[in-house]
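Observations on the model geometry
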Amino acid sequence: MRLPRPGLPRLRPPSGPDARAEWTVGVAFIVAFLAGIALLVLYVAGGQTQVEGVLLMLALGGIGVAIVVWGQELIPDVEGVEPRGTLESPPGEDDLSDHAVREGITRRHALLGLAVTGFAGLAAALAVPVFSLGPAPGRSLFETPWRRGLRLVGLDNQPVHADQLPIGGMLTVFPEGAPGSSDGQAVLIHVEPGLLALPGDGGAGAPNGYVCFSKKCTHAGCPVGLYRASDHQLVCPCHQSTFDVLHGAVPVFGPAVRPLPQLPIQQQPDGTFVASEGFPAPVGPSFWDVHSGEGA
């Protein structure tokens, strides 16, 4: 009689319904992994929308099929009561029990490894939207074309003169050399000097009642182009955010929560205006580094 050699028991290839389910789960995870990697490679190479959609379907579908089959076929759903017997195994059954435990652990570990592989492919597919975000904005959200000494000009890049703006008037102005700039657009308003009650040292940057604010609404970035001279209020036409000009363009109505940043200006002897510095706070909508009522 030939005795088995010592060591690990030899595992036989699985068969039966459980084996088919395990093969299905394994293949589904592999398909998900390959589809996710292929989607990432295709996107980096230039992309093709229809093929990307099919690959994403295979990545998600593969994981879905694997999870459903695993739950339905490989997780036992049996209730029973086993009478408590002796705690030691009968003679001769140790090898068989060890074989069963070792076989089950080996197959389970293989499926868990394939599951990790499948989800890795899905992670690769989900990385595609990250690449679509483009480069990080860096400091660009904090900067505008305005610099100290730049003259206030119109859309024609010609300097704006004080006599162009009577009391109650408003003009859209830009930094010299950058007419039409989105982040540089501002509104120059002329009010009675005695009415201004600007916070901090804002009054020093509003000579003779000429005060300048960013034109980009701090709610959604729409141009604040309406001025109610009788109420001294700027109104954004998009969502009706309203800003009190006399008190530093603080919002008094609507969804905006930050004031329009004030551009400090100086009036020159020839009647033109120059910026004393850039905007002291980021212009436009708030973002992750900007809070209500705070600059950056």
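Residues numbered from 1 in each chain as written. Predicted model: local features only at pLDDT ≥ 70, side-chain atom pairs only at ≥ 80, totals over all residues. Heavy atoms only, no water.

**Quick notes on unusual backbone geometry**
The phi torsion of most residues other than glycine is negative, and most of the peptide bonds are trans. Note the following rule: Only DSSP runs of H or I covering at least 4 residues are called helices, and only runs of E covering at least 2 are called strands; the numbering of each starts at the N terminus.
Look at N208: it is not a glycine, yet its phi comes out positive at around 55°. Mapped onto the secondary structure, N208 falls in the loop between strand 3 (186-190) and strand 4 (210-214). Of note in the backbone geometry, H232 takes a positive phi value of approximately 55° without being a glycine.

**Focus: the sheet that holds strand 1 (residues 152-153)**
To keep things clear, this is the line we draw: Between any two strands, at least two bridges found by DSSP are needed for them to pair.
The antiparallel open sheet is built from four strands, whose spatial order is 1-2-3-4. The sheet is open, and its two edges are formed by strand 1 and strand 4, each paired on a single side. Sheet topology note: the strand 1/strand 2 (residues 170-175) ladder contains two bridges and is antiparallel. In the strand pairing of strand 2, L152 is matched with P175.

**Let's talk about the state of the cysteines**
Put simply, the rule is: We call a pair of cysteine sulfur atoms a disulfide whenever their separation is within 2.5 Å. Classification of residues uses two cut-offs on accessible area relative to the type maximum, computed with a 1.4 Å probe and protein chains only: under 20% is buried, over 50% is exposed, and between them is partly exposed.
Summed over all chains, the structure comprises one disulfide. Across the disulfide, C222 is cross-linked to C238 (sulfur-sulfur distance 2.3 Å). Its S-S torsion of about -105° marks the bond between C222 and C238 as left-handed, since a negative value means left-handed. With C222 in the loop between strand 4 and strand 5 (226-228) and C238 in the loop between strand 6 (233-235) and strand 7 (242-244), this residue pair connects regions lying 16 residues apart in the sequence. C238 gets classed as partly exposed once you look at its relative accessible area, which sits at 40%. You can see C217 has no disulfide; the closest cysteine sulfur is in C236, sitting 3.9 Å from it. For C217, a relative accessible area of 1% translates into the label buried.

**Let's talk about the packing of aromatic side chains**
Heads up, the condition is: Centres within 6.5 Å make a pair out of two Phe, Tyr or Trp rings, where for Trp the six-membered ring is used; the pair is then stacked when the planes are under 30 degrees apart, edge-to-face when over 60, and tilted otherwise.
According to the stated counting rule, one finds two aromatic pairs in the structure shown. Judged by centre distance (6.4 Å) and plane angle (75°), the rings of F29 and W70 are edge-to-face. A residue pair is termed long-range when its members are at least 10 positions apart, and F29 in helix 1 (residues 17-44) and W70 in helix 2 (residues 49-74) qualify at 41 residues. Both rings, one in Y210 and one in F273, keep their centres 4.9 Å apart while their planes meet at 50°; by these two values the pair is tilted. Pair noted here: Y210 is in strand 4 and F273 is in strand 10 (residues 273-275), with a separation of 63 residues, a long-range link. Both residues of the pair, Y210 and F273, count as buried.

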